[in-house]
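Residue strings, one per chain:
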Amino acid sequence: MKSRTGTEEPADQDLADRASIGDREAFAMLVERHYDFIHGVAWKWCRDRSAAEDIAQNVCLRLGVAIRTWRKESAFTTWLYRLIINAAHDHARFLARELRKAQALAVHANALGEEIETYQPSHSDAVWAAVGTLPEKQRDAMLLVYGEELNHADAAAVMGCAESTVSYHLHTARRRLKTLLQTSGDEQ
């Protein structure tokens, strides 16, 4: 492969071999050479510019670690495809988790004084900002149950209290959030 200067550029396999033993220049050349490819595959997979950029950046980060374990069983680009697809799947799982969190919070939309059907995930930013103002135990219970999707028993184990105490903190937090969010809604 000839470069713009007319000199022969190393093949992907050679760059990958060098990068796998810590050659930063070879790694940088691989990333530069394949970034458009990585982004293009990510975009084709998700059809969203922002998500494709997130996936591409994640692939570049992963590539730094993964290149050390590349076993040369296939062409570099074949291996890179798998890395891109895995990152795209991880991104989709992340988005699904975030949606589940928003939906779990929607179950308690009465804290917002709204019906579940009218709850929009965009409200979650305001809700989580309000959660951040709660007393520590209420905030921890909300974050563990709704943010990390733990059940009450697991949240109780993390918090070092009884399961019923977690339920109490959640109940109190929801009541307090209702007041906080109604007050902030009145100010707008």
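Residues numbered from 1 in each chain as written. Predicted model: local features only at pLDDT ≥ 70, side-chain atom pairs only at ≥ 80, totals over all residues. Heavy atoms only, no water.

Some points on the packing of helix α6 (residues 136-147) against helix α7 (residues 152-159)
Our working definition: Each axis is a line fitted through C-alpha atoms, and for a helix only the stretch in contact is used; angles between axes span 0 to 180 degrees, taken between their N-to-C directions. The helix and strand labels rest on DSSP assignments: H or I over at least four residues marks a helix, E over at least two residues marks a strand, and numbering proceeds from the N terminus. Angle categories: roughly parallel below 35 degrees, roughly antiparallel above 145, roughly perpendicular from 65 to 115, and oblique for all the rest. Crossing handedness is read from the near helix: turned anticlockwise from the far helix by less than a right angle, it gives a left-handed crossing, and turned clockwise, a right-handed one. Throughout, a contact is declared for two residues whenever any of their heavy atoms are within 4.5 Å. As a working rule, the residues Ala, Val, Leu, Ile, Met, Phe, Trp, Tyr, Cys and Pro are called nonpolar, Asp, Glu, Lys and Arg charged, and the rest polar, with Gly in that last group.
Relative orientation of the contacting elements α6 and α7 amounts to 135°, with a least axis distance of 10 Å. Judged on the interaxial angle alone, α7 and α6 are oblique. With respect to the hand of their crossing, α6 and α7 are arranged in right-handed fashion. Together, Lys-137, Asp-140, Ala-141, Leu-144 and Val-145 of α6 and His-152, Ala-155, Val-158 and Met-159 of α7 make up the contact between the two elements. Looking at the contact of α6 with α7 residue by residue, the class counts come to six nonpolar, one polar and two charged.

Brief notes about the packing of helix α2 (residues 24-46) against helix α3 (residues 49-66)
Between α2 and α3, the least distance of the axes is 8 Å, while the angle of their chain directions is 140°. Note that α2 runs across α3; the crossing there is right-handed. Along its contact with α2, which presents Phe-27, Val-31, Tyr-35, Ile-38, His-39, Ala-42, Trp-43 and Cys-46, the element α3 presents Arg-49, Ala-51, Ala-52, Glu-53, Ile-55, Ala-56, Gln-57, Val-59, Cys-60, Leu-63 and Gly-64.

Let's talk about the pattern of salt bridges
To keep it simple, the criterion reads: Just to be clear on terms, a salt bridge is a Lys or Arg side-chain nitrogen sitting within 4 Å of an Asp or Glu carboxyl oxygen.
A full pass over the atoms with the stated rule returns seven salt bridges. We note a salt bridge from Glu-73 to Arg-71, for which the minimum N-O separation is 3.1 Å. Connected through shared salt-bridge partners, Glu-9, Asp-12 and Arg-33 make up one network.

Considerations on the packing of aromatic side chains
Heads up, the condition is: Two aromatic rings from Phe, Tyr or Trp, using only the six-membered ring of Trp, form a pair when their centres are within 6.5 Å; if the ring planes differ by under 30 degrees the pair is stacked, by over 60 it is edge-to-face, and anything between is tilted. Summary of the burial criterion: residues with accessible area below 20% of their type's maximum are buried, those above 50% are exposed, and those between are partly exposed, where the area comes from a 1.4 Å probe applied to protein chains only.
For the structure on display, the rule yields four aromatic pairs. When the ring of Trp-70 is compared with that of Phe-76, the centres are 5.9 Å apart and the planes differ by 90°; the resulting orientation is edge-to-face. There is no split in this pair, since Trp-70 and Phe-76 are both buried. Between Phe-76 and Trp-79, the ring centres sit 5.7 Å apart and the planes meet at 45°, which makes this aromatic pair tilted. Taken together, the positions of Phe-76 and Trp-79, both in helix α4 (residues 76-107) and three residues apart, correspond to about one turn of that helix. Each member of the pair Phe-76 and Trp-79 is classed as buried.

Here's the deal with α3
Here is the rule: To estimate how far a helix should extend, the number of its residues minus one is multiplied by 1.5 Å. We define a polar contact as two N or O atoms separated by no more than 3.5 Å, with the added condition that, inside protein, one atom must be a possible hydrogen donor and the other a possible acceptor, whereas residues neighbouring each other in sequence contribute only through side-chain atom pairs.
Relative to the 26 Å expected for 18 residues at 1.5 Å per residue, α3 spans 25 Å between its end C-alpha atoms, a close match to the ideal helical length. Listed as buried for α3 are Ala-51, Ala-52, Ile-55, Ala-56, Val-59, Cys-60, Leu-63 and Ala-66. Sitting at the amino-terminal end of α3 is Asp-48, which places a side-chain oxygen 3.3 Å from the backbone nitrogen of Ser-50.

Notes on unusual backbone geometry
In this structure, Arg-47 is a non-glycine residue whose phi angle is positive, near 55°. Its place among the elements puts Arg-47 in the loop between α2 and α3. According to the relative accessible area criterion, Arg-47 is exposed, its value standing at 55%. At Lys-72, a residue that is not glycine, the phi angle is positive and equals roughly 60°.

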